[in-house]
Amino acid sequence: MSQNGRGSETARRPPARPVPTAGAVIYGTLALLLIAIPQSVVNRLKDLDPGPVQGALLEAAESLEALSFRIGANAPYRRLRQLFLDVTGKKDD
Amino acid sequence: MLFPTIEFAVFFAIVFPVAWLLNERNSAKKWFLVGASYVFYAVWSTHYLLILFGSSLGNFALALLLGRLSDGPLRRAALWLGIVVNLGVLGYFKYYNFFVAAMMDLLSILGVRADLHFIEVALPIAISFLTFHALSYLIDVYDRRLAPSRSLVDILLYISFFPHLIAGPIVRARIFLEQTFHASDPKGMRIGASVFLILGGLFKKVIVANYLSTDFVDAVFRSPGDQSSLDLLLGMYAYAIQIYCDFSAYTDIAIGVADLLGYRFPQNFDQPYRALTVQDFWRRWHITLSSWLRDYVYVRLGGSRQGQLATWRNIMITMGLGGLWHGASVNFIVWGLLHGSALVLERAAGITGGGADCGRGALRGVAGWLVTFHFVCFTWVFFRSPTIESSLVYVRALFSGVSFGTTITPLVAAMLVCGGVTQIVPRSMSAGLETWYDSSPLAVKVAVPAVVIFLICVASPNGVPPFIYFQF
């Protein structure tokens with residue numbers, strides 16, 4: 001990795017609207033990951049102390065997880081994860 | 001809050017848009033980022049927020065005083081007051097028990113039985129980095145290389161800015177503060193470079209460093225006397241890769257995150273295991289610390305201006321202190337002094353450069369690389385071992401007989417290869433990748449980080465331990 005991107009300064013063409021572009025990258029990435037691996041958020045929320053906010057967030061995350069399961073969006077993750085575990089001999093907690 | 005966590009993703013997803021919405025009102029943006037940084041720090045410790053704030057406020061006031069005073073003993077005294085207070089706080093939390101134990105050992109050797117008190121206090125996270133940032137500011141103001149800031153928020157942000165707060169890079173005051181005078185220019189944002197720094201950092205930490213640590217290095221260093229000499233040798237290499245992937249991952253992500261918020265941080269690593277001399281290594285490893293030590297310790301001790309013996313002494317003091325900065329342990333001091341000795345030997349032998357003079361002739365280059373790489377790996381044994389005794393057990397076992405049994409797994413071997421690849425990827429390749437990314441359509445820009453993080457999640461271990469440099 002080039003740390004500071006040295007050497008790319010002159011060739012670099014910045015996007016016309018860098019902040020909206022970077023925002024789209026951040027939110028788009030998070031949204032895709034949320035739909036592809038919703039169980040990560042569900043599991044994390046289950047680890048938090050119970051409370052009204054945690055409860056509401058957990059409910060929303062579980063709805064998303066159900067949707068992801070229904071449309072098969074988390075199937076690639078489950079299959080690839082299993083493949084990785086089989087190949088390396090590792091186990092999930 | 002660790003970088004590779006859901007919490008940080010949510011935190012950054014809130015901080016990023018708010019910071020840029022406030023960008024035209026620069027002062028509001030800075031106050032917001034100070035607040036966000038304090039929240040980031042408070043996740044670990046609310047108690048020590050007071051130290052963070054007190055240090056910023058105290059150094060802000062002292063720098064203003066240094067700016068007003070004319071040169072003379074009073075001004076010098078004010079600087080020393082700042083140095084003593086900053087190092088005093090660091091010393092109290094980090095080194096007090098170490099020095100008490102050393103004092104008791106010394107007195108017992110002299111036949112005096114002393115019952116000195118130890119303190120039970122947790123080490124405030126980030127205190128070493130915080131102190132070096134503060135000292136950089138005070139000393140630069142004293143040297144009149146930097147005007148004292150009249151803006152409290154600028155100093156609060158400089159010292160607490162969350163990307164560098166916990167484990168660097170150590171950003172010089174004058175480099176950071178000049179970026180706080182005006183609103184950030186969004187056109188200066190390097191999206192491609194930032195995205196690849198963050199993705200590369202996540203891969204190095206979550207995959208390479210973690211698997212090397214949990215599947216191999218920890219066991220080798222836990223009981224070095226029970227390992228084969230091959231495993232001890234590979235353990236040395238594996239730890240070298242692990243600590244590089246761990247630490248450079250943190251600073252890569254920090255640089256990328258800061259860039260996305262409109263602030264530029266200096267480079268902190270430059271493929272250090274390519275170094276052809278130990279001096280070259282220190283130009284590539286933790287660059288912001290080594291240049292800090294060079295400018296604020298080595299040069300102030302006289303550098304190389306007072307003859308050969310004084311130069312060697314200054315190198316040894318600087319490297320010894322550099323070792324001690326990493327922690328209150330004899331191991332870190334030994335590690336620093338070993339590097340200092342190598343630097344002195346290189347000077348004595350007339351090997352001063354990194355690339356040019358050592359690069360002459362392929363054979364000389366290969367020999368320089370082999371010696372430097374193995375010396376650096378050898379010194380990591382002292383850095384990683386919990387005590388000096390266990391370091392010596394490791395070294396003795398390494399050199400006593402040859403046994404070729406190994407516990408290394410294919411996954412660990414793959415991680416070693418991945419770590420090795422990070423040292424040989426040409427800069428032109430990553431620069432080309434960034435240029436391609438910056439000119440690609442938005443869908444590709446989103447898909448690349450989504451797919452890479454997805455694959456990292458597929459191959460990630462359960463739970464991510466903290467970064468090694470958090471303890472420093």
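So, how was this worked out
- Residues numbered from 1 in each chain as written.
- Chains lettered and ligands numbered in written order.
- Predicted model: local features only at pLDDT ≥ 70, side-chain atom pairs only at ≥ 80, totals over all residues.
- Heavy atoms only, no water.
- Helix = DSSP H or I, 4+ residues; strand = E, 2+ residues; numbered from the N terminus.
- Buried < 20%, exposed > 50% of the residue type's maximum accessible area, 1.4 Å probe, protein only.
- Contact = heavy atoms within 4.5 Å.
- Buried area = accessible area lost by both parts, 1.4 Å probe.
- Salt bridge = Lys/Arg side-chain N within 4 Å of Asp/Glu carboxyl O.
- Polar contact = N/O pair within 3.5 Å; in protein donor to acceptor, adjacent residues only side chain to side chain.
- Nonpolar A, V, L, I, M, F, W, Y, C, P; charged D, E, K, R; others polar.
- pLDDT = per-residue confidence, 0-100.
- Core = buried A, V, L, I, M, F, W, Y, C linked by side-chain atoms within 4.5 Å.

Undergrad: What exactly am I supposed to notice about the overall build of chain A here?
TA: For chain A, the helix and strand inventory stands at four helices and zero strands. Counting helices and strands in the order they occur from the N terminus, chain A gives α-α-α-α. Split into buried and exposed, the 93 residues of chain A put 37% on the buried side. For chain A, contacts bridging at least 24 residues in sequence account for 47% of all contacts bridging at least 6.

Undergrad: How should the interface of chain B and chain A be read in this particular structure?
TA: Reports often express the size of an interface as the amount of accessible area lost when the parts come together. Opposite the 53 residues of chain B that make contact, chain A presents 44 residues. Of the roughly 4100 Å² buried where chain B meets chain A, counting both sides, 64% is carbon and sulfur surface. For the chain B face of the interface with chain A, the top three residues by lost area are F454(B), V458(B) and N462(B), together amounting to 14%. The tally of links from chain B across to chain A stands at two salt bridges. Between D215(B) and K90(A) there is a salt bridge whose closest N-O contact spans 2.8 Å. Our count for the contact surface shared by chain B and chain A stands at five residue pairs in polar contact (both at pLDDT 80 or more). Put simply, the parts of the chain that give the side of chain B that touches chain A at least two residues each are α1 (6–21), α9 (191–222), α10 (229–260), α19 (427–438) and α20 (442–458) of chain B. Taken together, the residues of the side of chain B that touches chain A break down into 33 nonpolar, nine polar and eleven charged.

Undergrad: I tried to follow the confidence of the model for chain B on my own but got confused; where do I start?
TA: For any part of a model where pLDDT is low, the fine detail of the predicted coordinates should not be relied upon. All names here are of chain B. Residues with a pLDDT of 70 or more make up 95% of chain B, whose mean pLDDT is 89. The element-level mean pLDDT for chain B is lowest in helix α15 (residues 356–359), coming to 50, with helix α6 (residues 152–160) highest at 95. Scored by ipTM, the complex comes to 0.83, with pTM at 0.87.

Undergrad: What's the story with the nonpolar core in this structure? I'm lost.
TA: Ranked by internal contacts, the top residues of the largest apolar core, which has 154 residues, are F16(B), F161(B), F162(B), L261(B), Y273(B), W285(B) and W380(B). The greatest single-element share of this core, amounting to 18 residues, is contributed by α10(B). Within the second largest apolar cluster, five residues are counted, among which are V42(A), L45(A), L58(A) and A61(A).

Undergrad: Can you help me understand the pattern of salt bridges in this one?
TA: Any two side chains of opposite charge can pair if their charged atoms end up close together. All names here are of chain B. Under the definition given, this model contains 19 salt bridges over all chains. Put simply, R174 and D140 hold a salt bridge, and the shortest N to O gap is 2.7 Å. Residue R174 is found in helix α8 (residues 173–177), and its partner D140 is found in helix α5 (residues 127–142); the two are separated by 34 residues along the sequence. For D140, a relative accessible area of 0% gives the class buried. We note a salt bridge from R300 to D143, for which the minimum N-O separation is 2.2 Å. One end of the pair, R300, is in the loop between α12 (287–298) and α13 (308–326); the other, D143, is in the loop between α5 and α6, and 157 residues separate them in sequence. Assessed through its relative accessible area of 28%, D143 is described here as partly exposed. Sharing partners across several salt bridges, the network here consists of D140, D143, R145, R174 and R300.

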